[in-house]
Amino acid sequence: MIERLADPAEARAWCAERRESGASVGFVPTMGALHIGHLSLVERAVAENDFACVSVFVNPLQFDDPSDLECYPRDFEGDARLLEGVGCAMVFTGTLEQFFPGELSADGALASARLVDPGPAAEGLEGACRSGHFGGVATIVERLFEVVEPERAYFGRKDYQQALVIADLARRRGGPRGIVCDIVRESSGLACSSRNALLTDGERERAVCLSRSLETVDAAWREGARDAALLGALLRENLERVGVEVEYAELRDPERWSAAAPLGELERAVALVAARVGGVRLIDNRVLGVGGDGRG
Ligand code: AMP
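So, here's what we can say about the structure. (Residues numbered from 1 in each chain as written. Predicted model: local features only at pLDDT ≥ 70, side-chain atom pairs only at ≥ 80, totals over all residues. Heavy atoms only, no water.)

### Some words on the packing of helix α7 (residues 133–148) against helix α8 (residues 160–173)
Inference 1: For the pair α7 and α8, the least separation of the axes is 10 Å and the interaxial angle reads 45°. One way to sum up the angle between α7 and α8 is to call them oblique. For the pair α7 and α8, the crossing hand works out as right-handed. Where α7 approaches α8, its residues Phe134, Val137, Ala138, Val141, Glu142, Phe145 and Glu146 are matched on the opposing element by Gln161, Gln162, Val165, Ile166, Leu169 and Arg173.
Inference 2: Residue classes in the contact of α7 with α8 are distributed as eight nonpolar, two polar and three charged. (Axes fitted to C-alpha atoms, helices over the stretch in contact; angles between N-to-C directions. Helix = DSSP H or I, 4+ residues; strand = E, 2+ residues; numbered from the N terminus. Parallel < 35°, antiparallel > 145°, perpendicular 65-115°, else oblique. Left-handed = near helix turned anticlockwise from the far one by under 90°. Contact = heavy atoms within 4.5 Å. Nonpolar A, V, L, I, M, F, W, Y, C, P; charged D, E, K, R; others polar.)

Now the structure itself:
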């Protein structure tokens, strides 16, 4: 039976007990409404550690839009059942107050001075579109690491820029070892996301243009196209043709993050998109020229 804990203080004790007995703990932070993408991370954590644990917390610190926070899908009981099915030993949740006891103001907010600096990987793209987002992510992930003190923590490449921010955070604090896992997609190519549950059938069909546009740019790369601006324009054009509202469609050098798109020819490239389909904001990315899952 999976252990379900509703208080981070209990989760801390549970993890400490296992670590002190010499066991390794693998950790997957999530916001719940779990799908096969999340479960792929958990399966890997189960396989590579003595115990795997998962947090389910819709972190208000990382939402800049209150209605987005309110609409975010939640299903803790369903999540716990799925986690039990893949061998996860413990799932925990909590409230902002429980994660930051005595640190919230009367209106329930965390002082901005208390937010963790997410570092240079937070600049541009998601960081530019979602004010304060990565500060909120870095703050909760640091706290989650303090609760679990995992040996390994697992993240999805689906949130490409987030994985960079967390890798920097883990490096600064000397652990855990961060493991970035491949993007899991539906058979249509649409990247699995908790937000997909909010799409109507028609929107779901249109949403496939994100992965299709990335494939088109990948094909151009394979045929020798290297110019960042040209590839970015091709990406945007393919999205706009389907009528989705593009927030960004740009290239980056995967080995050297930059706030703005690099100029001129690229030696290596990752293409990243964010677009609104109906009212639902979706992101996707693809490392070019290395195969569909980014591994090469
Ligand atoms: P979230 O619940 O959206 O915060 O995601 C929790 C973790 O699951 C993050 O590290 C995500 O990058 C990862 N994740 C979400 N969707 C996918 C996917 N389709 N494939 C692989 N990992 C994913």
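### Quick notes on the sheet that holds strand β1 (residues 3–5)
Inference 1: Pairing within the open sheet is parallel, and its six strands lie in the order β1-β4-β3-β2-β5-β6. Strand pairing shows two members of the sheet lacking a second neighbour, β1 and β6 (177–181), which therefore form its edges. When strand polarity is set aside, the average angle formed by the axes of neighbouring strands in this sheet is 25°. (Pairing = 2+ DSSP bridges.)

### Some words on the sheet that holds strand β7 (residues 245–252)
Inference 1: With respect to topology, three strands assemble into an open sheet ordered β7-β8-β9, the strand pairing being antiparallel. Of all strands in the sheet, those bounded by a partner on one side alone are β7 and β9 (280–287). Ignoring strand direction, the axes of neighbouring strands in this sheet form an average angle of 10°.
Inference 2: Along the sheet, helix α10 (residues 228–241) contacts β7 and β8 (270–277); its crossing angle with β7, the most-contacted strand, is approximately 155°.

### Quick look at empty space enclosed by the protein
Inference 1: Inspection of every chain in the model, using the stated rule, returns three cavities of 30 Å³ or more.
Inference 2: Taken as a whole, the largest cavity spans an internal volume of roughly 880 Å³.
Inference 3: Along its surface, the largest cavity is lined by 47 residues, and Met31, His38, Lys158, Asp159 and Gln162 are the ones closest to its centre.
Inference 4: When residues of the lining of the largest cavity are traced back to their parent elements, those giving at least two are β2 (25–30), α2 (36–48), α7, β5 (152–156), α8, β8 and β9.
Inference 5: With six residues, the top contributor of residues to the lining of the largest cavity is α7.
Inference 6: A per-class count over the lining of the largest cavity returns 23 nonpolar, 16 polar and eight charged.
Inference 7: Of the residues that make up the lining of the largest cavity, three or more belong to each of domain 1 (3–181) and domain 2 (194–287). (1 Å grid on protein atoms, 1.4 Å probe; cavity = no way out; pocket = protein on both sides within 12 Å on 5 of 7 lines; lining within 4 Å. Points joined across faces, edges and corners; volume = space filled by probe spheres on them. Domains from an automatic or database assignment.)

### Details of the packing of helix α9 (residues 201–222) against α10
Inference 1: Between α9 and α10, whose axes approach to 9 Å, the crossing angle comes to 150°. Considering how the two elements wind past one another, α9 and α10 form a crossing that is right-handed. Of the residues in α10, those touching α9 at Cys209, Leu210, Ser213, Leu214, Thr216, Val217, Ala220 and Trp221 are Leu231, Leu234, Leu235, Asn238 and Leu239.
Inference 2: Of the residues contributing to the contact of α9 with α10, the split by class is 10 nonpolar, three polar and no charged.

### Some remarks on the side chain of glutamine 161
Inference 1: Along the polypeptide, glutamine 161 turns up in helix α8.
Inference 2: Glutamine 161 sits in the buried class, given a relative accessible area of 3%.
Inference 3: At 3.1 Å, the side chain of glutamine 161 forms a polar contact with the backbone nitrogen of glutamate 126.
Inference 4: Those residues in contact with glutamine 161 that sit more than four places away from it in its chain are Ala121, Ala122, Glu123, Gly124, Leu125, Glu126, Gly127, Phe134 and Trp257. (Buried < 20%, exposed > 50% of the residue type's maximum accessible area, 1.4 Å probe, protein only. Polar contact = N/O pair within 3.5 Å; in protein donor to acceptor, adjacent residues only side chain to side chain.)

### Structural notes on α9
Inference 1: Given a rise of 1.5 Å per residue, 22 residues ought to cover 32 Å, and the 33 Å separating the end C-alpha atoms of α9 matches this to within 8%.
Inference 2: At serine 211, α9 shows its maximal bend, which comes to roughly 25°.
Inference 3: Among the residues making up α9, those that are buried are Glu203, Ala207, Val208, Cys209, Leu210, Ser211, Ser213, Leu214, Val217, Asp218, Ala220 and Trp221.
Inference 4: Tucked into the core, α9 has its buried residues touching α10, β8 and β9. (Expected span 1.5 Å × (residues − 1). Bend = angle between axes of the 7 residues up to and from the residue.)

### Quick notes on the site of the ligand
Inference 1: Around the ligand, the surrounding shell holds 16 residues, and the nearest of these are Met31, His38, Asp159, Val184 and Cys192.
Inference 2: A distance of 2.9 Å is found between an oxygen atom of the ligand and a backbone nitrogen or oxygen belonging to glycine 156.
Inference 3: The contact in question runs from a nitrogen atom of the ligand to an N or O atom on the backbone of cysteine 192, over 2.8 Å.
Inference 4: Here the ligand loses 93% of its free accessible area of 480 Å² to cover by the protein chains.
Inference 5: When atoms are counted within 2 Å of each cavity's grid points, the one that captures over half of the ligand is the largest cavity.
Inference 6: Contributions of two or more residues to the shell around the ligand are made by β2, α2 and β5.
Inference 7: A total of three residues in the shell around the ligand trace back to one element, the largest contributor, which is α2.
Inference 8: Each residue belonging to the shell around the ligand can be placed in one class, and the counts come to eight nonpolar, five polar and three charged. (Near = heavy atom within 4 Å. Areas by Shrake-Rupley, 256 points an atom, 1.4 Å probe, with all protein chains shown as cover. Sits in = over half its atoms within 2 Å of the grid points.)

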